[in-house]
Amino acid sequence: MNLSEINQRISDRSDCFYWQTDRKISAQEASMIWKDRHSAIINEELLDKVNLELKGDRVISIDFDEKIQMSSSNVNSIRVGVLESGKEVIIRCHPKGVKNGYFYVESLASQIALENGLPSYKTYCIHELENENDISYQVIEKLSGDTVQFCLKEHPEKEERLVMEMGKTMARLHKIKINGFGPFDNEQAKNGKLVGKYESLKCWIRRKS
């Protein structure tokens with residue numbers, strides 16, 4: 001498997017309506033990339049990497065448990081880290097050797113949400129892939145509470161109230177003005193600009209500039 005060539009395709013969202021289904025890889029390539037995304041990343045190796053970049057409060061331990069709420073992702077391997085201060089963080093790891101093309105976008109979007117009074121998380125650091133033996137990861141704040149999926153499983157009677165609250169939050173989110181449509185540009189996000197890759201909604205739907 002030529003990871004260098006695959007990374008060019010998998011991180012390109014220019015001709016993409018929904019990355020989970022439109023990413024430019026075959027089913028066979030997807031299987032090869034994600035089948036061992038958890039076992040290929042060793043906590044001790046990850047701890048050393050994170051502490052080389054994390055400023056101030058260092059990580060003293062990392063735990064991985066496929067049964068925890070945050071591990072339902074089918075893209076990243078999710079780890080929980082504990083800092084020297086006792087604070088917990090989430091470490092979202094892309095499969096080993098695979099480039100992540102959206103961590104900067106996600107972190108900038110969460111920052112803008114926070115600035116607008118919406119519930120979101122802080123980002124502590126992002127590491128970009130350097131070679132095929134490296135790991136792309138994002139260290140973010142671990143928020144308190146349960147995921148919606150877990151909460152509804154335990155308390156199905158809360159569904160109507162949660163749906164209403166989510167609708168109100170989404171309405172507030174969509175009042176935030178941004179430029180462009182469709183997937184955001186990860187390179188622009190590195191420079192603090194949240195910009196869609198298409199000039200109009202029509203261009204995005206047709207995926208033509």
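First things first, this report covers the structure right here in the doc. Please read all numbers here as calculations on a predicted model, not as lab measurements.

Section: the pattern of salt bridges
Once their charged atoms are close, side chains differing in charge can pair, the charge on each being opposite to the other. Evaluated as defined, the whole model comprises 11 salt bridges. For E5, the salt bridge identified is with R9, shortest N-O distance 2.7 Å. Here E5 and its partner R9 are both found in helix α1 (residues 3-10), four residues apart, which amounts to about one turn of the helix. E5 sits in the partly exposed class, given a relative accessible area of 33%. Among the salt bridges present, the one from E187 reaches K190, with a minimum N-O distance of 3.1 Å. Here E187 pairs with K190, and both are found in helix α8 (residues 186-190), just three residues apart, close to one helical turn.

Brief notes about the environment of K99
Within the fold, K99 resides in the loop between β3 (88-93) and α5 (103-115). Assessed through its relative accessible area of 34%, K99 is described here as partly exposed. Residues K99 and Y124 lie 25 residues apart in sequence; the distance between their C-alpha atoms is 19 Å. Discounting chain neighbours no more than four positions away, the residues touching K99 are N7, I10, S11, H94, L129 and S136.

What counts, and at which threshold
- Residues numbered from 1 in each chain as written.
- Predicted model: local features only at pLDDT ≥ 70, side-chain atom pairs only at ≥ 80, totals over all residues.
- Heavy atoms only, no water.
- Salt bridge = Lys/Arg side-chain N within 4 Å of Asp/Glu carboxyl O.
- Helix = DSSP H or I, 4+ residues; strand = E, 2+ residues; numbered from the N terminus.
- Buried < 20%, exposed > 50% of the residue type's maximum accessible area, 1.4 Å probe, protein only.
- Contact = heavy atoms within 4.5 Å.

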